[in-house]
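Here are the chains, one letter per residue:
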Amino acid sequence: MEKMIHGAVSYSLSSEMVSLFVTREGGHLGPVNFRLGEREVSPYALAPWEPGGVDGSLPVLLKNLRGDFLCLPFGPQVDGEPHGDVANCEWRFVSQGDLSLVMEMEPRDVGGKVRKEISLREGHTAVYVEHVIEGVEGNWSYGTHPILDLSGLDEGEGRLSVSEFRWGSVYPETFSDPADGAQQCLKAGAMFSDLSEVPLEDGETTDLTRYPARSGNDDLVMMIAADATDEQPFAWSACVMDGYVWFALKNPIDFPATLFWLSNGGRSAPPWHSKHVGRVGIEEVCSYFCDSVELSRKDMLRNLSVETTREFRKDEAVSLRVIQGVAAVPEEFGVVASIAPDGDGVVKIVSESGVSVSVLLDWKYLFFTAG
């Protein structure tokens, strides 16, 4: 059923534990409401504007900006929409069951067909997202783009973390250009091995695990996930806020890197007007930062044996799967230190202080293949 949500025509899906909306244009997932005991939480951000209230010439990506969406290719294009037709053009409704919603599109920029299936599980506070890409040829970057809203928290109250990473860097060029009415504070190109000690332009360091922080700036960092093991078959990202944790799980072979887009009022030009504050994009990608697919194709991280594009073949279907969910955590839980399997249908989330919570989750979903 179609419904107007935050100014955009959207499809809906719900279970006892989750209710969600997906925009018809761009396929943006959001808002998503999760039931945790007696309360509901809604971690995904909605832009501080609605589509009808901004310049109509803006790409749908910006007009509808919310929640999570597929990017294929990831980043800007010489000819084409930023983050691809999949993030900007109309998705066609295919089918809906009690716990699943299927949409499709034939993107003009990459060709082929992309099927989006969003599914829920009874008793699970999680969203299972699959994109099946068929008939596409060549090397392309791609990624997810979840944006969380921490604007209601005090400074540093939210806690960000990722699974073990073997390389971390601030974006190597100017990410927020003052000529465009933007500002950044992290040192361009600075390397780091600890999210709590990331170099600033002024020579000091800052703690990226605490957010909101660094008001008036928009910054970008990238971390390359460590290789999977039998004990740790997936990689993860997490954000603890207001008595619960939001988390995302991925297969690091499909998504080698995680981007943190730390958007805290650093963009003053339209449509931002310095109102996009306390937002964080926690984006799982196969890309070179947020740069164009043309640059990603230059294999900039070959020295690390990290792919920044994937080779697609017209006669092969590629399935990209992620899981995004939430769980209640005790007060003062702190930053997540690990998320690991605890049996076939459970993961255990452990904080740096050693406090743990167990979550019903079909984590093996990440490793099924298309077809």
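All of the points below concern the structure found in this document. It should be emphasised that the depicted structure is a prediction, and the values quoted were computed from it without experimental measurement. (Residues numbered from 1 in each chain as written. Predicted model: local features only at pLDDT ≥ 70, side-chain atom pairs only at ≥ 80, totals over all residues. Heavy atoms only, no water.)

Considering the nonpolar core
- Counting 65 residues, the largest nonpolar core has Leu-20, Leu-72, Val-127, Leu-148 and Phe-260 as the members making the most contacts within it.
- Excluding anything up to four places from it in sequence, Leu-20 contacts Tyr-11, Ser-12, Leu-13, Leu-29, Pro-31, Val-32, Ile-118, Leu-120 and Val-127. (Core = buried A, V, L, I, M, F, W, Y, C linked by side-chain atoms within 4.5 Å. Buried < 20%, exposed > 50% of the residue type's maximum accessible area, 1.4 Å probe, protein only. Contact = heavy atoms within 4.5 Å.)

Some details on the side chain of Asn-217
- Structurally, Asn-217 is set in strand 18 (residues 217–225).
- Classification of Asn-217 as buried rests on a relative accessible area of 10%.
- In this structure the side chain of Asn-217 is engaged in a polar contact, spanning 3.4 Å, whose partner is the backbone nitrogen of Cys-185.
- The residues contacting Asn-217, other than those within four sequence positions of it, are Gln-183, Gln-184, Cys-185, Leu-262, Ser-263, Asn-264, Gly-265 and Gly-266. (Helix = DSSP H or I, 4+ residues; strand = E, 2+ residues; numbered from the N terminus. Polar contact = N/O pair within 3.5 Å; in protein donor to acceptor, adjacent residues only side chain to side chain.)

Comments concerning the pattern of salt bridges
- As enumerated under the stated definition, the model contains 16 salt bridges in all.
- For Arg-92, the salt bridge is made with Glu-104, and the minimal N-O distance between the two is 3.0 Å. Highlighted residues: Arg-92 in strand 6 (residues 92–96) and Glu-104 in strand 7 (residues 100–105), separated in sequence by 12 residues.
- Among the salt bridges present, the one from Arg-121 reaches Asp-362, with a minimum N-O distance of 3.4 Å. Placement of Arg-121 in the loop between strand 8 (113–119) and strand 9 (126–134) and of Asp-362 in the segment after strand 27 (356–360) is noted, with a sequence separation of 241 residues between them.
- For Arg-121, a relative accessible area of 23% gives the class partly exposed.
- Each of Arg-92, Glu-104, Glu-106 and Lys-113 takes part in one network of salt bridges that share partners. (Salt bridge = Lys/Arg side-chain N within 4 Å of Asp/Glu carboxyl O.)

Considerations on the environment of Met-300
- Following the sequence through the fold, Met-300 ends up in the loop between helix 2 (293–296) and strand 23 (310–312).
- The class of Met-300 is partly exposed, set by a relative accessible area of 34%.
- For the pair Met-300 and Tyr-288, spaced 12 residues apart in sequence, the C-alpha separation works out to 7.0 Å.
- Excluding residues within four positions of it along the chain, Met-300 makes contact with Tyr-288, Leu-295 and Thr-308.

Describing the sheet that holds strand 9
- Read across the sheet, 9 strands follow the order 6-7-8-9-24-20-19-13-17 without closing on themselves; strand pairing throughout is antiparallel. Two strands lie at the open edges of the sheet, namely strand 6 and strand 17 (210–211), each paired on one side alone.
- Pairing of strand 19 (residues 235–241) with strand 20 (residues 244–250) involves 7 bridges; the strand directions are antiparallel. The residue of strand 20 that forms the bridge with Trp-236 is Leu-249. (Pairing = 2+ DSSP bridges.)

Quick look at the sheet that holds strand 3 (residues 18–23)
- The strand order 1-2-3-4-5 describes an open sheet built from 5 strands, whose pairing is antiparallel. The open sheet has two free edges, formed respectively by strand 1 (2–5) and strand 5 (39–41), since each of these has just one partner strand. Put simply, the sheet's adjacent strands are angled 30 degrees from each other on average, direction ignored.
- Where strand 3 meets strand 4 (residues 29–36), 4 bridges bridge the pair, whose relative direction is antiparallel. Its bridge partner lying in strand 4, Val-22 is registered against Leu-29. (Axes fitted to C-alpha atoms, helices over the stretch in contact; angles between N-to-C directions.)

Some thoughts on the packing of aromatic side chains
- Applying the stated criterion across every chain yields a total of 13 aromatic pairs.
- Pairing Tyr-142 with Phe-312 gives two aromatic rings, centres 6.1 Å apart and planes at 75 degrees, and the pair type is edge-to-face. One end of the pair, Tyr-142, is in strand 11 (residues 142–143); the other, Phe-312, is in strand 23, with 170 residues separating them in the sequence.
- Residue class for Phe-312 comes out buried when judged on its relative accessible area of 1%.
- A centroid spacing of 6.0 Å and a plane angle of 70 degrees characterise the contact between Phe-165 and Phe-192, whose relative ring orientation is edge-to-face. One end of the pair, Phe-165, is in strand 14 (residues 165–170); the other, Phe-192, is in the loop between strand 14 and strand 15 (198–199), and 27 residues separate them in sequence. (Phe/Tyr/Trp six-rings, centres within 6.5 Å; stacked < 30°, edge-to-face > 60°.)

With respect to the pairing of strand 13 (residues 158–162)
- Of all 5 residues in strand 13, 5 are buried; the element is thus mostly enclosed.
- Of the two faces of strand 13, the one carrying Gly-158, Leu-160 and Val-162 and the one carrying Arg-159 and Ser-161 are both buried.
- The pairing of strand 13 with strand 17 spans 2 bridges and is antiparallel. Pairing of Arg-159 across the sheet is with Arg-210, part of strand 17.
- One ladder, built from 4 bridges, connects strand 13 with strand 19; its direction is antiparallel. Bridge pairing in strand 19 links Arg-159 to Val-240.

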